[in-house]
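Structural overview
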Amino acid sequence: MIELVDVVKTFQAGLATPFTAVDGVSLRIPKGQVTVLKGPSGSGKTTLLTLIGCMARPTSGRIHLHGLPPGTLPQLAEGDALEITSLPERFLTQIRRRTFGFIFQQFNLVRGISVLENVLLPTYPTGEDHRVVEARAVERLEGLGLARHLHAPIDRLSGGEAQRVAIARALINDPTVIVADEPTAHLDSRLSEDFMQLMAQFKAAGKTLLITSHDPIVYDSPLADRVVEMRDGHVVAGA
Amino acid sequence: MIQHPGILALLLASGLVCLLLVAAGWQGFRILRSWNLRSGSESQLDLERRTYLVSTLVSFALVIQILSLFLFIFTADGLHTQFVGAMCAAGSLAANAYGYPTLTAKVATCLVAGLWLVLHRADTQGHDYPLIRPKYALLLLLVPMVLMETWLQGCYLTGLKADVMTSCCGSLFGQGRQGLASDLAGLPPHLMQPVFWITFASLGATGTFALRTKHGTALFAFLSLTFFLVAVASLVSFFCLYIYELPTHHCPFCLLQREHGFVGYPLYATLLGGTIAGLGAGLLAPFRGQKSLGAALPRMQAHLMWCALILATAFTLIVGIWMALSPLRL
């Protein structure tokens, strides 16, 4: 479970034009469920996602991770809770690497290298045996119907294929939480439905899914266990 | 003041280190006063963000501080030609009243700076800043020490005047005079030799015991400090005699000169490094119960003890080989 306690994120704090993107959000995101953050542009969904995913630190407030898998940090016993906003950077990096898998709105694939190499990128800092992770990457890509594109450059993929590569990359380190930021923003309805079917598979596999979207295909999906509505940095419904 | 690259570098480095440490000291004061990891307040999160940067800057500043000790003795040695009667750094340091107090202060800050770096390294092994309060408390002790040392060094270096008549090392470290240098030179070699070897053997035995049983690190730290003091006294009392092949020359600074293969630098580096490592292992002993440090702290203590033992052995080997090869027999 992920627990947020009175989280605030202010950009340009202390300057002439401060902007509070997330304002006093307290929230519990249950393990193994699909939580959708819904709201218009500028409501603070993506900022909140980056805070939960350890990509930014809040201005105030705390975020606790409960039920982390063993080995997440060497000093943690199984079941220990971990407060992530205070973590020194090198521990934060470990959490980000092992606990979260990210699917970005723009996919953020690296041009000039192949599909397989893109998927392998998050594995390099872990120091795992290359043959093991390569076999895993091939398995993930085959599972997503991308077997024939393993060595193809990213530029030749369609939007749906590029997104599935991004999903394979998010899954390569076997994260417990998958974070997706507006994943269907660049997809047509059929591809969006396909995406939700993939999410259903991950939910069935016990993953926690956290998705931001203002697409009704996502937030009206029966897959969504909980829809949290945000506006102007506040949670207005579903908390 | 003498215009010398070493003097300018020392003054500049000390000024920078002081500025950084004073700023870090203020941060340390804020941390000691209001650090509360359970709070998610803006000020607490601000402290957490700043401590990472401040600790990194202080680490670099203290490495410069430690290296500046060697630059100081190197500069003092290089300046001896400017003074009438000086034959090595011993004479340069006696060129005004601030020379030896500066050297003493620099050795003291070097040891404490080394211990701070050990504590900082241990603190970064835990995810919840387990040693942040002791670390910044030690920093608050270190800040006035560095300020005092900078002031002494400033007085010494800016007060140096060429052609001042000073004492040569033979006179300063000669027997029959008043003062610590003469007292050390007057220590009888037949007494100091067994004391040195017994202290070295005790350090080795305690280290081996502590590494095997994970107990006795405090005693090992105490013996590391004892070894440092005994080794310095032994250098002046009898090691120097073998190195210079002269039964009456006790100066510990001529070792830094080319004629003696600059052997003083590895000797002092191994001695200081080993002492810091040994004391560091003992310094960490009270924190072994910290949950977030888990196995990291005993592992780090073991590394420090190995380091202390290897450096003490290297020091002993250097002087031992020199003694064996020297034609002088006492």
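Per chain, residue numbering runs from 1 following the sequence as it is written. Throughout, the order in which chains and ligands are written sets their labels, letters from A for the former and numbers from 1 for the latter. Side-chain atom pairs in this predicted model are given and counted only at pLDDT of 80 or more, local residue features only at pLDDT of at least 70, and totals for whole chains, interfaces and linings cover all residues.

Turning next to the overall build of chain A. Only DSSP runs of H or I covering at least 4 residues are called helices, and only runs of E covering at least 2 are called strands; the numbering of each starts at the N terminus. Counting its regular elements, chain A contains seven helices and ten strands. For the radius of gyration, the atom set is restricted to C-alpha positions; the globular benchmark scales as 2.2 Å times the number of residues to the power 0.38. Over its C-alpha trace chain A gives a radius of gyration of 18 Å, about what one expects of a compact globule, namely 18 Å for 239 residues. Counts of 20 or more other C-beta atoms within 10 Å of a residue's own C-beta define buried residues, counts of 12 or fewer define exposed ones, and intermediate counts define partly exposed ones; C-beta atoms are placed from the backbone. Within chain A, the fraction of its 239 residues that count as buried is 41%. Sequence-distant contacts, at least 24 apart, represent 68% of the contacts inside chain A between residues at least 6 apart. In this description, a residue-residue contact is defined by the distance between C-beta atoms placed from the backbone, which must lie within 7 Å.

With that out of the way, let us pick up the overall build of chain B. Looking only at helices and strands, chain B has eleven helices and zero strands in total. Going from the N terminus to the C terminus, chain B shows its helices and strands as α-α-α-α-α-α-α-α-α-α-α. Against the compact-globule benchmark of 20 Å for 330 residues, chain B has a radius of gyration of 22 Å, which places it among compact chains. Once the C-alpha set of chain B is aligned to its principal axes, its extents read approximately 65 × 50 × 30 Å. Each of the 330 residues in chain B was classed as buried or not, and the buried ones make up 45%. Within chain B, residue pairs in contact and separated by at least 24 positions form 75% of the contacts whose partners lie at least 6 positions apart.

Next up on the list: the sheet that holds strand S3 (residues 34-38) of chain A. What holds strands together in a sheet is hydrogen bonding between their backbones, with the strands either parallel or antiparallel. Residues and elements named next belong to chain A. For two strands to be treated as a pair, DSSP must find at least two bridges joining them. Spatially, six strands are ordered S6-S7-S8-S3-S9-S10 in an open sheet, and the strand pairing comes out mixed. Only two strands of the sheet have a single partner each, and these edge strands are strand S6 (100-103) and strand S10 (234-237). Geometrically, the sheet is characterised by an average inter-axis angle of 25° between neighbouring strands, direction not taken into account. Judged from the four bridges that link them, S6 and strand S7 (residues 177-181) form a sheet pairing that is parallel. To define axes, lines are fitted to C-alpha atoms, for helices over the stretch in contact only, and angles between the resulting N-to-C directions are given on a 0 to 180 degree scale.

Here we take up the interface of chain B and chain A. Accessible area lost upon the coming together of the parts is a frequently used measure of interface size. Of the residues lining the interface, 14 residues belong to chain B; the matching set on chain A comes to 17 residues. Side-chain classes follow a simple rule in which Ala, Val, Leu, Ile, Met, Phe, Trp, Tyr, Cys and Pro form the nonpolar group, Asp, Glu, Lys and Arg form the charged group, and the remainder, Gly included, forms the polar group. Looking at the side of chain B that touches chain A residue by residue, the class counts come to three nonpolar, seven polar and four charged.

Residues and elements named next belong to chain A. Spatially, S2-S1-S4-S5 is the arrangement adopted by the four strands of the open sheet, whose pairing is antiparallel. Only two strands of the sheet have a single partner each, and these edge strands are strand S2 (19-29) and strand S5 (82-83). Pairing of strand S1 (residues 2-11) with strand S4 (residues 60-65), which is carried by five bridges, proceeds in the antiparallel orientation. From the neighbouring strand, Val 5 faces S4, where its bridge partner is Arg 62.

Glancing now at the domain arrangement of chain B. All names here are of chain B. Domain delimitation in this document rests on an assignment produced automatically or drawn from a domain database. Under the domain assignment, chain B is made up of domain 1 (1-167) and domain 2 (172-330). Taking only C-alpha atoms, the centre of domain 1 and the centre of domain 2 are 23 Å apart. Listed per partner, the contact involves 21 residues of domain 1 and 23 residues of domain 2. Among the elements of the structure, helix H2 (42-78), helix H3 (89-93) and helix H4 (99-123) are those that each provide at least two residues to the side of domain 1 that touches domain 2. When residues of the side of domain 1 that touches domain 2 are assigned to their parent elements, the largest contribution, seven residues, is made by H4.

Let us look at the nonpolar core. For this analysis, nonpolar core means a set of buried Ala, Val, Leu, Ile, Met, Phe, Trp, Tyr and Cys residues linked through C-beta atoms within 7 Å. If you look at the biggest cluster of nonpolar residues, it comprises 98 residues, and the most contacted ones within it are Cys 88, Ala 90, Leu 115, Trp 116, Leu 142, Cys 169 and Phe 253 of chain B. Among the elements that line this core, the one with the most residues is helix H9 (residues 217-244) of chain B, at 15 residues. Taken domain by domain, this core gets at least three of its residues from each of domain 1 (1-167) and domain 2 (172-330) of chain B. Among all residues touching Leu 115 of chain B, those that are not within four sequence positions of it are Leu 138, Ile 276, Leu 279, Gly 280 and Leu 283 of chain B. Core analysis: the next-biggest nonpolar cluster, separate from the first, contains 56 residues, Val 7, Leu 82, Phe 102 and Val 165 of chain A among them.

On to the packing of H4 of chain B against helix H5 (residues 132-158) of chain B, then. All names here are of chain B. Relative orientation of the contacting elements H4 and H5 amounts to 155°, with a least axis distance of 9 Å. When the axes of H4 and H5 are compared, the pair comes out roughly antiparallel. For the crossing formed where H4 meets H5, the hand is left-handed. Oblique is the label for any angle not under 35 degrees, not over 145, and not in the 65 to 115 range, which are roughly parallel, roughly antiparallel and roughly perpendicular in turn. Left-handed describes a crossing in which the near helix is turned anticlockwise from the far one by less than a right angle; the clockwise case is right-handed.

Take the environment of Phe 239 of chain B next. Residues and elements named next belong to chain B. Relative to the helices and strands, Phe 239 resides in helix H9. When the 29 C-beta atoms within 10 Å are taken as the criterion, Phe 239 is described as buried. For Phe 239 and Gln 193, which are 46 residues apart along the polypeptide, the C-alpha to C-alpha distance reads 9.1 Å. In this structure Phe 239 touches Ser 234 and Val 319, once residues within four positions along its chain are discounted.

Take the packing of H9 of chain B against helix H11 (residues 296-325) of chain B next. Residue and element names in this part refer to chain B. Closest axis-to-axis distance for the H9/H11 pair is 11 Å, and the angle between their directions is 15°. Of the possible angle classes, the one that applies to H9 and H11 is roughly parallel. In terms of crossing hand, the pair formed by H9 and H11 is left-handed. Taking contact as the criterion, the partners of Thr 217, Phe 220, Ser 224, Phe 227, Ala 231, Phe 239, Tyr 242 and Ile 243 in H9 are, on H11, Gln 301, Met 305, Ala 308, Ala 312, Phe 315, Val 319, Trp 322 and Met 323.

All right, on to helix H8 (residues 189-213) of chain B then. Residues and elements named next belong to chain B. Expected span of a helix, by definition, is 1.5 Å for each gap between consecutive residues, and there is one gap fewer than residues. With 25 residues, H8 should cover 36 Å at 1.5 Å per step; its first-to-last C-alpha distance of 35 Å lies within 8% of that length. Turning to H8, its buried residues are Phe 196, Phe 200, Leu 203, Thr 206, Gly 207 and Ala 210. Contacts from the buried residues of H8 go to H9 and H11. Just beyond H8, the residue with positive phi is Lys 214, at close to 65°.

This brings us to the confidence of the model for chain A. Model confidence for chain A is summarised by a mean pLDDT of 87, while 99% of its residues fall at 70 or above. Note: pLDDT gives the predictor's confidence per residue, expressed from 0 to 100. Put simply, helix H6 (residues 189-204) of chain A is where chain A has its lowest mean pLDDT, 84, and helix H3 (residues 115-120) of chain A is where it has its highest, 93.

With that out of the way, let us pick up H9 of chain B. Most pronounced at Leu 235 of chain B, the bend in H9 of chain B amounts to some 55°. At the C-terminal side of H9 of chain B, Glu 245 of chain B shows a positive phi close to 60°. Fitting one axis to the seven residues ending at a residue and another to the seven starting there, the bend at that residue is the angle between the two axes.

What follows is about the pairing of S10 of chain A. With three bridges joining them, strand S9 (residues 226-231) of chain A and S10 of chain A adopt antiparallel strand pairing. Directly across from Arg 231 of chain A, in S10 of chain A, lies its bridge partner His 234 of chain A.

Residues and elements named next belong to chain A. Of all five residues in S3, five are buried, a share of seventy percent or more. Residue alternation in S3 divides its side chains into two sets, Val 34, Val 36 and Lys 38 and Thr 35 and Leu 37, and both sets are buried. Here S3 runs beside strand S8 (residues 208-213); their pairing, made up of five bridges, is parallel. Counted as the bridge partner of Lys 38 is Ser 213 from S8. Here S3 runs beside S9; their pairing, made up of four bridges, is parallel. Opposite Val 36, over in S9, you have Val 227 as the bridge partner.

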